Amino acid sequence: MDTQNSGREVRIWRLAAISFLCWAIVTTSLTAFYYGQYSMLSERVDKSVLTIEFGVDYGNGTEYRTWHHNVAAVSGESLLSITSRLAKVNYTMGGLGAFVVSINRVEGNSTHGWLWYRWEATEKKWILGETGCDKYLVADGDLLIWSFTAYSSWPPPPPEPP
């Protein structure tokens, strides 16, 4: 009877060892697979998260500017989306896109309105927004500002440099 029990115990231990080996192979394979998936996703996410500088100039000098530094944005996010996230914005949609009517309750009128600018570092000057704010997709490192500007001359004078 002892030889039967010891033979049975050996088979149980062999079965346990084989089961453990199979479990180890499967978990190692799954770990390697998911680590590869994580690495690829991490690379894509790193490329899709941008950092910008964002400001609002209320039109009465640089002392009335508010800046938001190191603003996180997602690749493909529009200036309007970021502005709406950081300030209270009212806008209307037209043929050329979104037209901002007010920012933080400062509303445009017949002589003044909101225009956006992009800082061109190589030329060291503000460039008037080339498109509607809902169509401009921010780029990593952008320095953008909304300026409450008089319409008395066109093109309006840009805001003071940052």
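Residues numbered from 1 in each chain as written. Predicted model: local features only at pLDDT ≥ 70, side-chain atom pairs only at ≥ 80, totals over all residues. Heavy atoms only, no water.

Engineer: How would you explain unusual backbone geometry if you had to name every residue and give the values?
Structural biologist: Here Trp 154 and Pro 155 are connected by a cis peptide whose omega angle stands at -5°. As for its placement among the helices and strands, Pro 155 is situated in the segment after strand 8 (143-150). Notably, Asn 104 is not glycine yet its phi reads approximately 50°, a positive angle. Tracing the backbone shows Asn 104 in the loop between strand 4 (97-103) and strand 5 (106-107). One non-glycine residue, Lys 124, lies in positive phi territory at about 55°. When you line up the elements, Lys 124 lands in the loop between strand 6 (112-120) and strand 7 (125-128). The exposure class of Lys 124 is exposed, given its relative accessible area of 64%. (Helix = DSSP H or I, 4+ residues; strand = E, 2+ residues; numbered from the N terminus. Buried < 20%, exposed > 50% of the residue type's maximum accessible area, 1.4 Å probe, protein only.)

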